[in-house]
Amino acid sequence: MIQYILRRLLQIIPVFIGTTLLVYFMVFALPGDPIRALFGDRPPSEAVIAQLRQQYNLDQPFWVQYGLFLKNLFTFNLGVDFTGQPIAASLGRIFPVTVMLAVEALIIQTVFGVTFGLIAGLRKGKIFDATVLVASLVVIAIPTFVLGFVLQLLIGVQLGWAKPTVGANADWGNLILPATVLGLVSFAYVLRLTRASVIENMNADYVRTATAKGLSRPRVVVTHILRNSMIPVITYLGASLGGLMGGAIVTESIFNVPGVGQKLFQAVIRSEGPTVVAIVSVLVLVFVIANLLVDLLYAWLDPRIRYEN
Amino acid sequence: MTTADVRISEADLADKPLLEIRDLAISFKTGSGEVQAVRNAHLTIMPGETVAIVGESGSGKSTTALAAIGLLPANGRVSGGQILLDGEDISHAPEKRMIELRGNTIGMVPQDPMSNLNPVWKIGYQVKETLRANGRPSGPADVAKVLAQAGLPDAERRAKQYPHEFSGGMRQRALIAIGLSCQPRLLIADEPTSALDVTVQRQILDHLETMTAELGTAVLLITHDLGLAAERADKVVVMYRGQVVEAGPSLELLQNPQHPYTQRLVASAPSLASRRIQVAKELGVESDELLAPGTTPRGAVVVEPTMTEDVLQIQNLKKVFKLRSGFGKSTDFTAVDDVSFSVKRGTTTAIVGESGSGKSTVAQMVLNLLQPTSGKIVFDGVDTSTLNNKEIFAFRRRVQPIFQDPYGSLDPMYNIFRTIEEPLRTHKIGDKASREKKVRELLDQVALPQSTMQRYPNELSGGQRQRVAIARALALDPEVIICDEAVSALDVLVQAQVLNLLAELQSRLGLTYLFITHDLAVVRQIADHVCVMEKGKLVETGSTDEVFDAPQRDYTKALLNAIPGARLMLPPEVA
Amino acid sequence: MKTNRVIEHFVAPVEETPLLATDSLKTDQAPLSLWADAWRKLRRRPLFIISAVMIALIIIVALFPGLFTQVAPNDNCQLANSDGAPAAGHPLGFTFQGCDVYSRIIHGTQASLMVGVFSVIFVLIIGVTLGALAGFYGGWIDSVIARLGDIFFALPLILGALVVSQLPFMRENRGVWTVVMVLVVLGWPQMARITRGAVIEVRNADFVTAARSLGVSRIGSLIRHVLPNALAPIIVLATMELGVFIVAEATLSFIGIGLPGSIMSWGNDIAAAKSSVRTNPAILLYPAMALSVTVLSFIMLGDALRDALDPKSRQR
């Protein structure tokens with residue numbers, strides 16, 4: 001197991017370097033003055049530009065620039081935004097809100113996705129299964145931002161069951177509507193994946209053997225069918241984090257959640273290139289580390305992986 | 001085996017059948033309506049008795065056994081008859097009752113040890129949950145005891161391992177441990193060893209026999225191997241197309257089969273009637289030479305191959321694979337170690353060995369698909385490692401393979417015409433019309449109707465696919481054919497047919513076969529020479545008669561002893 | 001020696017259990033190729049019929065918008081009609097800018113569909129090529145392509161799009177092709193992974209070895225035997241991704257980094273409608289419905305194809 005962890009850690013380093021290099025290269029290694037280019041036609045004050053030049057060490061050779069960029073990233077020295085405020089400080093304030101939103105969405109999509117998927121799989125071909133399958137396709141087909149507006153209007157405004165917008169003080173309770181919207185698309189994927197996986201495992205030889213041993217149906221379902229079906233679902237959950245980050249941009253702006261997504265959205269609208277790059281780099285770091293954790297969870301769930309070369 | 005002197009004791013008359021299946025009918029719902037899989041099946045198992053159901057795939061033998069433990073697939077149902085366990089009809093028993101019975105009254109040992117243990121749970125846990133579900137003590141010591149009884153060494157440590165850390169034989173022992181852990185009165189063993197090497201198979205069956213005898217467990221043994229059934233069971237039930245065609249005491253059934261199907265089965269079973277096809281092959285040779293069948297003694301034909309030259313010479317062949325073992329390290333694995341033998345034109349040489357013996361690696365190298373680490377393969381006087389691309393292309397016309405898996409050896413996207421035509425097209429032989437003519441001829445040669453041309457592989461049975469594979473191999477008029485387990489996946493009767501076909505083609509076309517197989521019984525039927533391989537090394541070689549009649553090495557003796565039913569004496573009119 | 005009971009010898013009457021010829025060929029059905037078989041299954045699936053009809057309709061709308069509306073989408077936009085209710089000749093009412101909603105939806109089809117179709121075509125070209133090479137040859141080719149894929153995979157679609165769209169080149173040339181470029185750059189690894197997996201599953205099949213040993217070259221066996229047998233999951237993913245890319249384009253346009261406002265698209269219309277969503281939700285819902293129905297059609301088609309092409313469901 002320790003060997004596996006070490007190997008995964010070693011594998012993740014080139015990926016992280018490659019990805020950040022890609023991001024950095026695209027933005028800073030192109031001809032012309034990258035700082036001016038990043039701001040488009042609405043440049044900030046000269047003072048801010050000077051500070052940015054220093055932040056990104058543009059007078060140094062490319063590899064030195066990139067090395068310093070990485071160092072800054074790991075020390076959370078992310079530079080300043082359009083108004084001259086340090087990005088790291090504002091991220092420190094808004095990051096917990098987004099984490100809360102993402103965790104809540106993750107819980108919603110996993111709990112409901114796995115439950116519905118399991119029931120549908122066990123009742124393959126029955127009415128429940130058919131309904132859930134078509135419904136999940138519909139959910140996948142509706143973009144997050146449309147779902148956001150519709151649920152905000154329906155549940156928030158018309159029915160008044162939840163606050164349509166979140167505002168300054170976000171907590172688990174008032175994030176429930178945006179978290180549901182955020183988790184809905186992944187929920188449909190989790191459901192379909194669980195269902196397919198359950199159907200495959202249901203017909204596995206070891207499930208028949210487990211039944212032949214005299215185990216009760218619930219035990220067979222939980223320890224053999226569900227347990228084995230979780231393996232591909234866990235892998236998907238890791239990948240879905242990327243989708244959640246993208247979705248957070250949309251969801252937070254619709255529901256006025258003071259999080260990273262909203263900050264990013266505003267930066268895009270204001271054409272604040274350096275802020276966008278800095279925040280995206282942090283998120284990529286989070287994504288890569290989260291996927292490492294998912295891989296470890298995966299190895300824990302599937303002992304065969306640990307011994308594979 | 002009891003023979004004529006059957007004594008009947010009072011107690012035996014008094015005891016009642018443990019399991020009685022009466023007029024059982026089972027049907028499956030499929031896309032095209034309800035299909036009857038089993039009809040009028042009946043069998044009786046007395047306490048402590050071993051009964052074997054023998055049949056080919058699709059005969060309904062497994063379905064019948066699964067019905068007895070209430071494990072029919074979701075689309076299957078008992079549509080008639082009774083399954084009486086101690087007089088209680090369990091054919092439609094509620095699931096709750098079946099859960100009570102499973103494990104401690106009826107146990108099961110499944111077929112494939114690779115897929116029947118859950119890969120994500122430790123072996124110990126999978127034993128433990130069985131004990132617990134049946135209300136037995138399930139501490140670590142109890143688990144270890146159960147595993148140790150099934151012959152698993154070092155059981156305490158083994159219990160903490162996962163299935164993938166076990167070899168096939170050990171997994172099967174773990175499954176036997178699970179099946180017998182709650183001391184059931186009836187054990188259903190569904191092809192319990194067909195996925196294992198013969199020597200392991202023998203050990204495991206011996207152990208199973210000892211354990212069930214000690215516990216007084218009755219066994220319902222499902223197998224495709226008549227020899228194995230006769231050797232292990234008191235009584236054999238033969239099923240054919242969903243019906244019981246014959247049932248009776250094992251030896252009596254073998255010596256005096258009554259139903260035409262059983263007769264055919266006894267005649268074709270490789271483990272029992274091995275010499276028969278050998279004779280058929282000689283008959284083929286003789287009839288070509290216009291001699292009266294049955295008059296020439298066996299030796300007369302064997303003279304012919306010794307006069308011809310060696311078409312293949314394998315000299316000190318060695319293959320080392322590098323196995324990665326993490327962090328850039330690698331260990332060497334010697335798959336084939338210093339193997340030398342030669343193959344005479346027009347004869348059949350068999351390479352026999354168990355899994356991991358390196359026999360298939362030899363085949364790959366002879367086919368020039370894998371480069372030897374050292375040593376030479378000389379084909380028709382030329383070292384094949386010195387061939388350039390153009391010469392390899394030409395070489396491929398002369399040496400062709402036939403593979404094991406009838407479901408994997410034909411491209412599912414190609415119809416049969418394209419499949420057989422592909423070698424001709426690749427080598428740019430003839431025009432479209434002449435190629436079609438050739439394909440028709442080839443289909444005739446392998447005894448398939450010409451209308452097969454438009455069919456796709458998934459519409460053919462396993463045996464038919466193997467025939468197509470043979471036709472494809474013959475398309476380029478090769479000199480040597482490498483048969484890599486070419487008949488191992490086929491049912492007994494189909495296997496006999498294909499072996500006959502191969503023998504006939506050999507005598508007609510003067511083909512040379514290199515026959516890779518794990519099945520010694522098949523070797524006896526087809527080979528002139530045998531090479532026995534163990535762990536990459538050649539341990540014994542000689543003519544088939546020499547090796548079978550007077551094996552020199554212990555390993556060869558063990559292999560021969562392990563052929564199920566080999567020790568059964570058959571009357572001369574059958575064998 | 002195991003028992004001393006009398007065992008009865010039973011023989012079934014031969015009339016009741018007739019012996020058939022061993023291994024005879026079934027000839028009662030017409031020959032069926034994999035594709036013919038899949039088509040036969042598809043024809044009977046309502047999911048397939050509905051989605052196929054929808055997609056055909058959407059394609060016609062995209063190619064010939066003039067057949068469906070006489071109203072030009074941008075002319076005659078009068079602020080007097082802002083957020084106006086449906087009127088004669090304007091069945092879905094007016095946008096905030098006073099433009100005809102129905103006409104804009106009809107004319108917006110083209111951009112959405114173009115982005116989807118071209119993204120999938122390029123993703124197929126790059127993803128299938130790289131995935132097939134990686135899976136078939138293995139070794140260092142596989143390692144390099146896999147790491148490359150991992151790098152792009154670590155950049156989630158929308159985040160990656162945000163960065164790419166910051167490039168001056170992308171900002172100055174915003175349009176269908178820049179969106180396609182973003183989606184292809186970030187979308188190919190998924191296709192490469194699926195292709196690689198499917199190719200690995202087939203590459204060691206006996207029929208590939210058989211082809212090699214009858215003289216077919218390595219690359220020849222990849223093209224003639226391996227790829228055709230690995231095609232099913234690729235087709236399914238491509239169909240589904242068409243839908244996913246259309247959603248992605250709309251999302252990017254919504255955030256403001258997709259298609260520019262000058263190009264008519266559903267994403268832009270939805271974004272434009274968000275300011276009046278509380279007062280007049282209809283103008284948001286209509287383009288949203290058009291978008292969702294289109295995406296749903298492709299995803300349903302992919303789902304139906306998946307079932308039909310599943311080798312496990314093949315006969316025998």
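Please read all numbers here as calculations on a predicted model, not as lab measurements.

Criteria and thresholds
Residues numbered from 1 in each chain as written. Chains lettered and ligands numbered in written order. Predicted model: local features only at pLDDT ≥ 70, side-chain atom pairs only at ≥ 80, totals over all residues. Helix = DSSP H or I, 4+ residues; strand = E, 2+ residues; numbered from the N terminus. Contact = placed C-beta atoms within 7 Å. Pairing = 2+ DSSP bridges. Axes fitted to C-alpha atoms, helices over the stretch in contact; angles between N-to-C directions. Nonpolar A, V, L, I, M, F, W, Y, C, P; charged D, E, K, R; others polar. Domains from an automatic or database assignment. Buried ≥ 20, exposed ≤ 12 C-beta atoms within 10 Å, placed from the backbone.

### What about the overall build of chain B?
Counting its regular elements, chain B contains 22 helices and 20 strands. Contacts in chain B between residues far apart in sequence, at least 24 positions, make up 70% of those at least 6 positions apart.

### Concerning the sheet that holds strand E10 (residues 243-249) of chain B
If you trace the seven strands from one edge of the open sheet to the other, you get E6(B)-E7(B)-E8(B)-E3(B)-E9(B)-E10(B)-E1(C), paired in mixed fashion. Where the open sheet ends on each side, the last strands, each with one partner, are strand E6 (106-109) of chain B together with strand E1 (10-11) of chain C. Across four bridges, E6(B) lies against strand E7 (residues 186-190) of chain B in parallel orientation. Across the sheet, residue B:Ile106 finds its bridge partner in E7(B), namely B:Leu186. Across the sheet, helix H11 (residues 260-268) of chain B lies against strand E9 (235-240) and E10 of chain B, angled at about 105° from E9(B), the strand it touches most.

### Considering the interface of chain B and chain A
Taken together, the contact between chain B and chain A spans 25 residues of the former and 25 residues of the latter. Those elements giving two or more residues to the side of chain B that touches chain A turn out to be helix H3 (95-101) and helix H4 (123-133) of chain B. Sort the elements by how many residues they give to the side of chain B that touches chain A and H4(B) lands first, with three residues. In the side of chain B that touches chain A, the residues fall into 11 nonpolar, nine polar and five charged.

### Here's the deal with the domain arrangement of chain B
Note: interface size is frequently given as the accessible area lost on complex formation between the parts. When its domains are assigned, chain B resolves into domain 1 (13-105 + 185-268), domain 2 (112-183) and domain 3 (310-412 + 477-561). The straight-line distance from the C-alpha centre of domain 2 of chain B to that of domain 3 of chain B is 37 Å.

### Brief notes about the interface of chain B and chain C
Tallying the contact residues gives 60 residues for chain B and 40 residues for chain C. Elements represented by at least two residues in the side of chain B that touches chain C include exactly E9, E10, H11, helix H15 (389-398), strand E16 (399-402), helix H16 (416-426), helix H18 (462-474) and helix H19 (492-509) of chain B. Residue classes in the side of chain B that touches chain C are distributed as 26 nonpolar, 21 polar and 13 charged. In the sheet, E10(B) pairs with E1(C) via two bridges, with the strands oriented antiparallel. Each residue of the ladder has a partner; that of B:Ala247, found in E1(C), is C:Phe10.

### Things to note about the environment of A:Thr19
When you line up the elements, A:Thr19 lands in helix H1 (residues 2-28). When the 22 C-beta atoms within 10 Å are taken as the criterion, A:Thr19 is described as buried. Considering only alpha carbons, one finds A:Thr19 and A:Ile199, 180 residues apart in sequence, at a separation of 37 Å. For A:Thr19, the residues in contact, after removing those within four places along its chain, are A:Val284, C:Ile151, C:Ala154 and C:Leu155.

### As for unusual backbone geometry
Residues and elements named next belong to chain B. In this structure, Glu191 is a non-glycine residue whose phi angle is positive, near 45°. Along the chain, the position of Glu191 falls in the loop between E7 and helix H8 (198-215). A positive phi is found at Arg241, a non-glycine position, where the angle reads about 50°. With respect to the secondary-structure elements, Arg241 resides in the loop between E9 and E10. You can call Arg241 partly exposed: it has 19 C-beta atoms within 10 Å.

### Considerations on the environment of B:Pro249
By the element assignment, B:Pro249 lies in strand E10. With 24 C-beta atoms packed within 10 Å, B:Pro249 lands in the buried category. Along the backbone, B:Pro249 and B:Val236 are 13 residues apart, and their C-alpha atoms lie at a distance of 6.2 Å. Every residue in contact with B:Pro249, bar those within four places of it in the chain, is listed here: B:Asp234, B:Lys235, C:Ile7 and C:His9.

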